[in-house]
Amino acid sequence: MGLFIIRRLGVMLLTALCLTFIVFWLTNLYPNLEKLAKTQGNFRMSDEAVASYLGDRGYLQPMPVKFGQWLGVLPGWVTEREEADETFGRCFSAGTPEAERSTFCGVIQGDWGFSTVFKDEVGPTVATRLALTGKLMLCVLLLMVPSALIVGVLAGMREGSKLDRSLSTFSIATTATPEYVSGVIFIAVLASSKFGISPLLAEWGWIDGKTLFLGSATSAMADATFWNFFLPVLTISLYGMGYIARMTRASMTEVMTAQYIRTARLKGVKFSDIVLKHALRNALIAPFTVIMLQIPWLLNGVVIVETLFNYKGFGWLLVQAASNNDIELLLAVSVVSVIVVLVTQLISDIGYVYLNPRIRIS
Amino acid sequence: MEPLTWTGSLAGLNIIFSILIALLALGIVVQILLSLVPSTGGRAMAADGTLAAEKGAAGFLGFIVNWLFFGFIALILIYLVLGIFMGTGAGIFGGMARQLLPVWIALIVTFSLSITFKRRLGLYGKLFDSTVGMIGFAIVMFWVFAGVMGGVFDMLVTHDSLSQFSGMKNKLPGTPLRGAEEGDFQWFLLGGDNLARDVFSRLIKGAWVVVLIAPMATIFAFMVGITLGLPAGYYSGRLDTILSFLANLILAFPVILLFYLLVTPEIVLTGIPNYMAAVLFIFPVIFFAVLLNSRYYTQPSFRTPLLIVVLGGMMWAYLSLISNDGVIVSNDNVLIPGLPEILDWIPMPPEILVVFVSVVFVNSPTVFRIVRGLALDIKTRDYVAAAQTRGEGAWYIMLWEILPNARGPLIVDFCLRIGYTTILLGTLGFFGLGLESESPDWGSTINAGRRLLSLYPHAAIAPALALLSLVLGLNLLADGLREESLRD
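Please read all numbers here as calculations on a predicted model, not as lab measurements.

Summing up its helical and strand segments, chain B has 19 helices and 6 strands in all. In terms of its C-alpha atoms, chain B occupies a principal-axis envelope of roughly 80 × 70 × 45 Å. Excluding contacts between residues fewer than 6 apart, the proportion of contacts in chain B whose partners are at least 24 apart in sequence is 71%. Taken as a whole, chain B presents about 22,800 Å² of accessible surface, with 69% of it coming from carbon and sulfur. Computed over 27 positive and 30 negative side-chain charges, the inter-centroid distance for chain B is 9 Å.

Another aspect to go through is the overall build of chain A. Of regular secondary structure, chain A possesses 14 helices and 4 strands. Computed over the C-alpha atoms, the radius of gyration of chain A is 26 Å, more than 25% above the 21 Å expected from 2.2 N^0.38 for a compact globule of 362 residues. For chain A, the spread of C-alpha atoms along the principal axes amounts to about 90 × 65 × 30 Å. Within chain A, contacts between residues separated by at least 24 positions form 63% of all contacts whose residues are at least 6 apart in sequence.

Our next topic: the packing of helix H18 (residues 442-449) of chain B against helix H19 (residues 458-487) of chain B. All names here are of chain B. Running from N to C, H18 and H19 cross one another at 150°; their axes reach a closest spacing of 8 Å. Handedness of the H18/H19 crossing: left-handed. Contacts from Trp442, Thr445, Ile446 and Gly449 of H18 reach H19 at Ala459, Ala460, Pro463, Ala464, Ala466, Leu467 and Leu470.

Let's shift gears to helix H4 (residues 63-71) of chain A. Note that an α-helix has 3.6 residues per turn; residues three or four places apart therefore point the same way. Residue and element names in this part refer to chain A. For H4, the buried fraction is high: 7 of the 9 residues fall into the buried class. Buried within H4 we find Met63, Lys66, Phe67, Gly68, Gln69, Trp70 and Leu71. Against helix H1 (2-27), helix H2 (30-40) and helix H14 (327-355) lie the buried residues of H4. Immediately beyond the C-terminal end of H4, within one or two residues, lies glycine 72, with a positive phi of roughly 95°.

Evaluation of the coordinates by the stated rule reveals 36 aromatic pairs over all chains. Considering the side-chain rings of phenylalanine 17 of chain B and phenylalanine 72 of chain B, the 5.8 Å spacing of their centres and the 20° angle between planes classify their relative orientation as stacked. Note that phenylalanine 17 of chain B is positioned in helix H1 (residues 11-36) and phenylalanine 72 of chain B in helix H2 (residues 56-86), a separation of 55 residues in sequence. Assessed through its relative accessible area of 22%, phenylalanine 17 of chain B is described here as partly exposed. When its relative accessible area of 19% is taken as the criterion, phenylalanine 72 of chain B is described as buried. Here the aromatic residues Phe21, Phe24, Phe67, Trp70 and Trp112 of chain A are joined through ring pairs into a cluster of three or more. Seen from the ring of phenylalanine 229 of chain A, lysine 135 of chain A lies directly overhead, with NZ or CZ sitting 5.9 Å from the centre. Here the guanidinium or amino end of arginine 158 of chain A rests over the ring plane of phenylalanine 271 of chain A, the centre of that ring lying 4.5 Å away.

Bringing a nonpolar patch on the surface into the picture now. Residues Ile15, Ile16, Ile19, Leu23, Leu26, Val30, Leu34 and Val37 of chain B make up a contiguous nonpolar surface patch of about 680 Å² in total accessible area. Here isoleucine 19 of chain B lies in helix H1.

Moving on: the side chain of threonine 125 of chain A. Residue and element names in this part refer to chain A. Note that threonine 125 resides in helix H5 (residues 122-157). Taking relative accessible area as the criterion, threonine 125 reaches 7% and is therefore assigned buried. Those residues within four positions of threonine 125 in sequence are excluded, and the remaining contacts are Phe118, Asp120 and Leu317.

Let us look at the interface of chain A and chain B. In this assembly, 55 residues from chain A lie in contact with 48 residues from chain B. Around 4,400 Å² of area is buried between chain A and chain B when both sides are counted, 79% of it from carbon and sulfur atoms. Sorting the residues of chain A by area buried against chain B places Lys162, Tyr180 and Val184 of chain A first, and these three jointly supply 14% of that buried surface. Across the contact surface, chain A and chain B share 2 salt bridges. With its nearest N and O atoms 3.7 Å apart, the salt bridge here joins lysine 35 of chain A to glutamate 266 of chain B.

Turning our eyes to something else, we now look at the nonpolar core. All names here are of chain B. Ranked by internal contacts, the top residues of the largest apolar core, which has 191 residues, are Trp143, Phe281, Phe431 and Trp442. Ranked by residues supplied to this core, first place goes to H19 with 14 residues. With residues near it in sequence (within four places) discarded, tryptophan 442 still touches Trp143, Leu203, Gly206, Ala207, Val210, Pro463, Ala466, Leu467 and Leu470. Counting residues in each nonpolar core, the second largest holds 21 residues, with Ala387, Ile397, Ala406 and Leu410 among its members.

Time to look at a negative patch on the surface. Residues Glu80, Glu82, Glu83, Asp85 and Glu98 of chain A make up a contiguous surface patch of negative charge. Take glutamate 80 of chain A: it is sitting in strand S1 (residues 78-81).

To continue, consider the side chain of threonine 7 of chain B. Examined against the element boundaries, threonine 7 of chain B turns out to sit in the segment before H1. Sequence-distant contacts of threonine 7 of chain B, that is, excluding residues within four places in its chain, are made with Asn14, Tyr79, Ala90, Gly91 and Phe93 of chain B.

This part covers the pattern of salt bridges. Residues and elements named next belong to chain B. Evaluation of the coordinates by the stated rule reveals 17 salt bridges over all chains. A salt bridge links aspartate 129 to arginine 119; the nearest nitrogen and oxygen atoms lie 3.5 Å apart. One end of the pair, aspartate 129, is in the loop between helix H5 (122-126) and helix H6 (131-151); the other, arginine 119, is in the loop between helix H4 (101-116) and H5, with 10 residues separating them in the sequence. Taking relative accessible area as the criterion, aspartate 129 reaches 33% and is therefore assigned partly exposed. Judged by its relative accessible area of 61%, arginine 119 falls in the exposed class.

Let us look at the confidence of the model for chain B. Of all residues in chain B, 98% have pLDDT values of 70 or greater, and the mean over the chain is 88. In the model output, the complex is listed with pTM 0.90 alongside ipTM 0.89.

One non-glycine residue, lysine 119 of chain A, adopts positive backbone phi at about 50°. With respect to the secondary-structure elements, lysine 119 of chain A resides in the loop between strand S3 (114-115) and strand S4 (120-121). The exposure class of lysine 119 of chain A is exposed, given its relative accessible area of 52%. A positive phi angle, close to 60°, is found at aspartate 154 of chain B, a residue other than glycine. Mapped onto the elements of the fold, aspartate 154 of chain B is located in the loop between H6 and strand S3 (175-176).

Residue and element names in this part refer to chain A. At a closest axis distance of 10 Å, the pairing of H1 and H14 adopts a crossing angle of 155°. Here H1 is positioned roughly antiparallel relative to H14, judged by the angle of their axes. Regarding H1 and H14, the two cross each other, and that crossing is right-handed. Where H1 approaches H14, its residues Phe4, Ile5, Arg8, Leu9, Met12, Thr15, Ala16, Leu19, Thr20, Val23, Phe24 and Thr27 are matched on the opposing element by Ile327, Leu330, Leu331, Ser334, Val335, Val338, Leu342, Val343, Gln345, Leu346, Asp349 and Ile350.

Locating lysine 126 of chain B in the fold gives a position in helix H5. Lysine 126 of chain B gets classed as partly exposed once you look at its relative accessible area, which sits at 28%.

Residues and elements named next belong to chain B. Turning to its location among the elements, glycine 373 is positioned in helix H14 (residues 350-378). You can call glycine 373 partly exposed: its relative accessible area is 32%. Separated by 144 residues in sequence, glycine 373 and glycine 229 place their C-alpha atoms 8.3 Å apart.

Of note, valine 303 of chain A is situated in helix H12 (residues 285-308). Accessibility expressed as a relative area gives 3% for valine 303 of chain A, which makes it buried. Residues valine 303 of chain A and valine 319 of chain A lie 16 residues apart in sequence; the distance between their C-alpha atoms is 7.5 Å. Setting aside anything within four residues of it in sequence, one finds valine 303 of chain A in contact with Gly315, Leu318 and Val319 of chain A together with Ile256 and Phe431 of chain B.

The rules we used
- Residues numbered from 1 in each chain as written.
- Chains lettered and ligands numbered in written order.
- Predicted model: local features only at pLDDT ≥ 70, side-chain atom pairs only at ≥ 80, totals over all residues.
- Heavy atoms only, no water.
- Helix = DSSP H or I, 4+ residues; strand = E, 2+ residues; numbered from the N terminus.
- Contact = heavy atoms within 4.5 Å.
- Areas by Shrake-Rupley, 256 points an atom, 1.4 Å probe, with all protein chains shown as cover.
- Lys, Arg positive; Asp, Glu negative; His and termini not counted.
- Charge placed at Lys NZ, Arg CZ, Asp CG, Glu CD.
- Rg over C-alpha atoms; globule rule 2.2 N^0.38 Å.
- Axes fitted to C-alpha atoms, helices over the stretch in contact; angles between N-to-C directions.
- Left-handed = near helix turned anticlockwise from the far one by under 90°.
- Buried < 20%, exposed > 50% of the residue type's maximum accessible area, 1.4 Å probe, protein only.
- Phe/Tyr/Trp six-rings, centres within 6.5 Å; stacked < 30°, edge-to-face > 60°.
- Lys NZ or Arg CZ within 6 Å of the ring centre and 35° of its normal.
- Patch = residues over 30% accessible without salt bridge, like charges linked within 9 Å, V, L, I, M, F, W, Y side chains within 5 Å.
- Salt bridge = Lys/Arg side-chain N within 4 Å of Asp/Glu carboxyl O.
- Buried area = accessible area lost by both parts, 1.4 Å probe.
- Core = buried A, V, L, I, M, F, W, Y, C linked by side-chain atoms within 4.5 Å.
- pLDDT = per-residue confidence, 0-100.
- Parallel < 35°, antiparallel > 145°, perpendicular 65-115°, else oblique.

Take a look at the structure:
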């Protein structure tokens, strides 16, 4: 088991390195750098001005060198400008006394760089946004996992019954509804003061405000309430829910046809006891993997929903970084998301081995 | 002119319709609740000595719910048929039903032909034994016909999908067209969007973009996945390790980040999408070359002309796909000449190419994993061992022994994956990536409409529902196919 985890960690590290290098390479292509120089300097820069701007800031070094500097395994660049008599570099700004200049600064040293869009250190920016998205994800998981499991177990306990067919149709419908579709429908139906059910409810005096829910989650960043936070959470949960529910149903139906369930039934155990005590534990092994593997997919949903509901979290940050080619921010964002993907894969593998005693990894 | 209501002079039917829906919902809920308590029906002895469970309350209820469901379907058909005859007299639905008349005819023809000959049509015919599969197939074919007729032949649409009409900005569904001339369609059936264009016509035009790109991209993804997945599964070993690592690498990428990195104008400038296209689109050519060669290499007199004809045609298509205005890649640093413009019969605008390439790129690793898993499983079968004993070549075994036996899961996954590709295309449109902003595809339209969502939701709701129904149809179709392919 230990060896297995170590090997997996090695592959993980390699994957993360490869992926960050790909992101690094794509963001550091010359047209992207040119755009960066023009947005940071001014838009009417001549080609020479662009080249000297980029050259001064170390962008024109060979790709592996730049990547090494970003990682912190190579010394950062230093530019000495004769005419202005100043020296600045990757790791220190102009005017830093020579004794305090550090040579290495990269991810390994804990320095994630500087965001050109937000004019702030990347590390704290990502951390605050990540905390906001963490709140969203926690609510999503709290809503999605229990409801998906309940739907799956109810559908799977009597295969082919009316309940099964209704719930299966429901889960197919949710998997067919991407977030940008369900979000749009929810806002139009539940959060519009002119259409849908909110005007009706307001007229009858059933709700205090103008709308049943708020169509924008910006205020939920500081203070999340049911009113302003439920729609984004529901939108993400629905899309992921259908898949988990279908997997749970499949695993539940398989367990319900097993020999030991038949034995229990013949012994005269109550049906509710069979489902809750005998079937449920074995039926939940497969969905565990699915739930863990679903988390990276939630990341996609988070990006869409945060854009749609204007919730300034991690997904929103990704969109901002990517659309403005904010290289160091984008790299940090992709490192975080790649780590999320790989860690959830690892957890699902290890968890599966622990939960299912029939599998042993030597 | 009066604005249209949703059902016009058929409004009297609405009350029946809502009662029917309420009863149906109530019936299903009661049925579910009844199924939770153990059935108490007695046993009845029939005259011939057989024992039958009495239907009891649950059976009676099931009977009622069935009839309510039939009534519901019949009422929808009544709306449709009356709408076709009365046109806009039957409101917006009537107007749409009449506009879509060619689609209904095509659907009826397809279904009657298929059901008549279903025993001779293999898996496709078996689809018509499953209700779920038929519903899914009907929805999918509806959008396919609507897309082809509207997009290629310019039927169905009421107005030009790009021109703006003064005074129609953000108008509600059913608003009469201001200053309509003789011969113009008099209404905006689904209203106007925020640039005063007709939502209904854009919906139909957008269907064509989706119906064209999604299946094509999925086919290419399958070609890539199959061509790489079969040897990975069959040979295993180091090849498998390397290919699987690469596939996992792409799969670990958040899709949206990948899109943002690939589908920006700056990256298009560097020509990376063109290189990717050149690599990804070569796979169908390789696939068919190996497929035909492995089968006919024992008969060179037949094989050689066949390969020349097939590969010649495919190479031509390949070159015209990847080259544009006579060049494959053209920027400051590199210029790779492609097919001359005269021979270039597939117009591939750069923005469509980028979208196409990125969707294929995202989908192929998943297909690769599925094919690899199937190949790993099937290669242990006896018929593979028999073929190996006969001395067949490796590629013959992969393509003519393993692949046909893996077709069931692959066809099902193909349907699901078209749906997933549709969702991906919508995602691209939603973030305003790739296609131009005036493109009528559903994702871009949702993106354009979402800004005014709480005031004028119709412009975003119409494409949202369209996308939902198409993906739902594909999912149901896949479910029906899975059920039927498991049966034999």
